[in-house]
Amino acid sequence: MKSRWWAALAVFAAACSMSSGADKTVSSGARTLSPPSAPAISQAADLRTHINLLLGEHVMIIAKETAAAANHSDEYASYTALLTTNETDLAEVMRNSFGNSSADDLARLWHLQNGYLVDYGIGVVTHNDNKSKAAIAALNSDFVPKLADLISSVSGLSTDQVGALLTQQAGADKTFIDDIGAQKWQSIYADLQIAYAESPRWGDALAARIAQKFPDKFPGDPTLPSVDRRVSLDLVLQQHAWLATMATEAVVAGREQDKTAASAALGLNEALISRSLSDQFGSSAANAFDKAWTARDAALLSYASKGDSDSKQALTMTASQFSSAAHIESTPVKDELAALIKVVDDQRAKSSKTIAGDDRAAATSMQPVGDAIATAA
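Residues numbered from 1 in each chain as written. Predicted model: local features only at pLDDT ≥ 70, side-chain atom pairs only at ≥ 80, totals over all residues. Heavy atoms only, no water.

Peer 1: Can you walk me through the environment of Gly220 in this structure?
Peer 2: Mapped onto the elements, Gly220 comes out in the loop between helix H8 (201–213) and helix H9 (225–253). For the pair Gly220 and Asp46, spaced 174 residues apart in sequence, the C-alpha separation works out to 9.5 Å. The contact partners of Gly220, leaving out residues within four places of it in the chain, are Ser42 and Ala44. (Helix = DSSP H or I, 4+ residues; strand = E, 2+ residues; numbered from the N terminus. Contact = heavy atoms within 4.5 Å.)

Peer 1: I'm lost on the environment of Phe176 in this one. Help?
Peer 2: The topology assignment puts Phe176 in helix H6 (residues 159–182). A residue is classified by how much of its surface remains accessible, and Phe176, at 0% relative accessible area, is buried. The spatial distance from the C-alpha of Phe176 to the C-alpha of Asp191 is 5.3 Å, given a sequence separation of 15 residues. Leave out the neighbours within four places in its chain, and Phe176 touches Val59, Ile62, Ala63, Ile188, Asp191, Leu192 and Ala195. (Buried < 20%, exposed > 50% of the residue type's maximum accessible area, 1.4 Å probe, protein only.)

Peer 1: Got a minute to help me understand the layout of surface pockets in this structure?
Peer 2: By rolling a water-sized probe across the atoms, one finds the places where empty space is left. Here the largest pocket defines a volume of roughly 470 Å³. In terms of lining residues, the largest pocket is bounded by 27 residues, among which Asn71, Ser73, Glu75, Glu249 and Arg255 are the most central. Of all the secondary structure elements, the ones that give two or more residues to the lining of the largest pocket are helix H2 (43–70), helix H7 (185–198), H9 and helix H13 (331–349). Considering each element in turn, the lining of the largest pocket owes the most residues, five residues, to H9. Class assignment of the residues belonging to the lining of the largest pocket gives a composition of twelve nonpolar, seven polar and eight charged. (1 Å grid on protein atoms, 1.4 Å probe; cavity = no way out; pocket = protein on both sides within 12 Å on 5 of 7 lines; lining within 4 Å. Points joined across faces, edges and corners; volume = space filled by probe spheres on them. Nonpolar A, V, L, I, M, F, W, Y, C, P; charged D, E, K, R; others polar.)

Peer 1: Explanation requested: empty space enclosed by the protein in the structure shown.
Peer 2: With the rule as written, the count across this model stands at four cavities of 30 Å³ or more. Here the largest cavity is characterised by a volume of approximately 130 Å³. Secondary-structure elements contributing two or more residues to the lining of the largest cavity are H2, helix H4 (100–125), helix H5 (129–155) and H6. For the lining of the largest cavity, the element with the most residues is H6, which contributes four residues. Classifying every residue of the lining of the largest cavity gives nine nonpolar, four polar and one charged. Estimates place the volume of the second largest cavity at around 80 Å³. Of all the secondary-structure elements, those providing two or more residues to the lining of the second largest cavity are H2, helix H3 (76–98) and H8. Residue composition of the lining of the second largest cavity, grouped by class: ten nonpolar, no polar and no charged.

Right, here's the structure in full:
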């Protein structure tokens with residue numbers, strides 16, 4: 001199974017080659033780069049970052065929603081509703097770029113996709129083969145070509161290119177949903193890693209084309225190596241936040257095998273972040289980060305288990321260690337930890353109505369951390 005994990009990480013690392021060519025696949029992932037020679041912050045870079053984080057977020061929400069269904073959890077409704085929030089934010093990106101009509105079309109199609117993925121997950125966890133087969137068939141035959149046509153019509157990207165990327169994403173999503181239904185704990189996280197790695201590929205292509213078409217709205221170059229690193233960091237840090245609350249949920253619910261697999265996923269995600277820090281700041285900084293991040297995750301799981309002031313204090317103390325290793329101010333790290341603690345408190349209190357929104361807040365609070373690291377001298 002470890003080789004499967006490293007294969008998943010290789011997919012993520014390979015998903016980072018960036019090109020401004022209209023007919024080339026544009027993607028991002030966890031490639032590490034040398035310090036930037038040009039700014040990572042611009043409106044074009046912000047656009048690329050925002051689109052990719054929303055696409056990655058979508059994968060993690062589907063995983064959370066499916067897991068809640070499989071575990072018969074009251075959190076199911078909360079995470080299903082969060083899909084609409086994600087849909088609205090993606091439509092707003094389209095609105096700001098191509099106008100209201102295109103935004104409405106995207107929202108309609110994205111809602112269609114969410115319905116198919118939710119139905120597929122329900123079919124899998126309830127062993128309703130007819131339901132799951134119908135849902136995945138519709139996802140590929142209805143949603144994929146329609147969204148590919150929409151993206152091609154507004155951006156000029158090849159319909160075949162976008163369609164192929166969407167088909168790959170649908171297949172990757174199906175795989176981890178199948179794993180969740182079968183409770184294949186280690187496979188869940190390895191295949192979730194692959195699906196998450198796939199998610200930014202068509203988003204990169206779209207962001208590059210939007211910046212080309214509307215340079216007045218989105219000045220800057222989203223294809224710069226410095227932007228590659230920024231997007232990579234933000235993606236892996238966002239993923240870490242979602243994985244962390246999957247691990248704490250397993251602890252609170254007493255699912256030992258799930259906890260073990262989620263903890264391993266956190267460790268491998270940490271390796272991606274550490275490699276980036278090593279390239280940017282050197283091996284000593286990466287080693288310091290490893291110690292701080294390992295202590296953070298251990299303290300987080302302890303707090304999920306005990307919920308006491310001592311474990312909470314131990315967790316908050318890791319903020320200064322991490323900020324020092326990452327060469328950034330401690331404020332965004334402290335803010336992210338506070339948001340993460342709130343999710344654990346929700347889990348322990350079974351606050352099913354607020355948990356999804358708080359979970360998303362913890363994940364999105366990672367972006368200021370990643371942006372600070374990417375632009376640190």
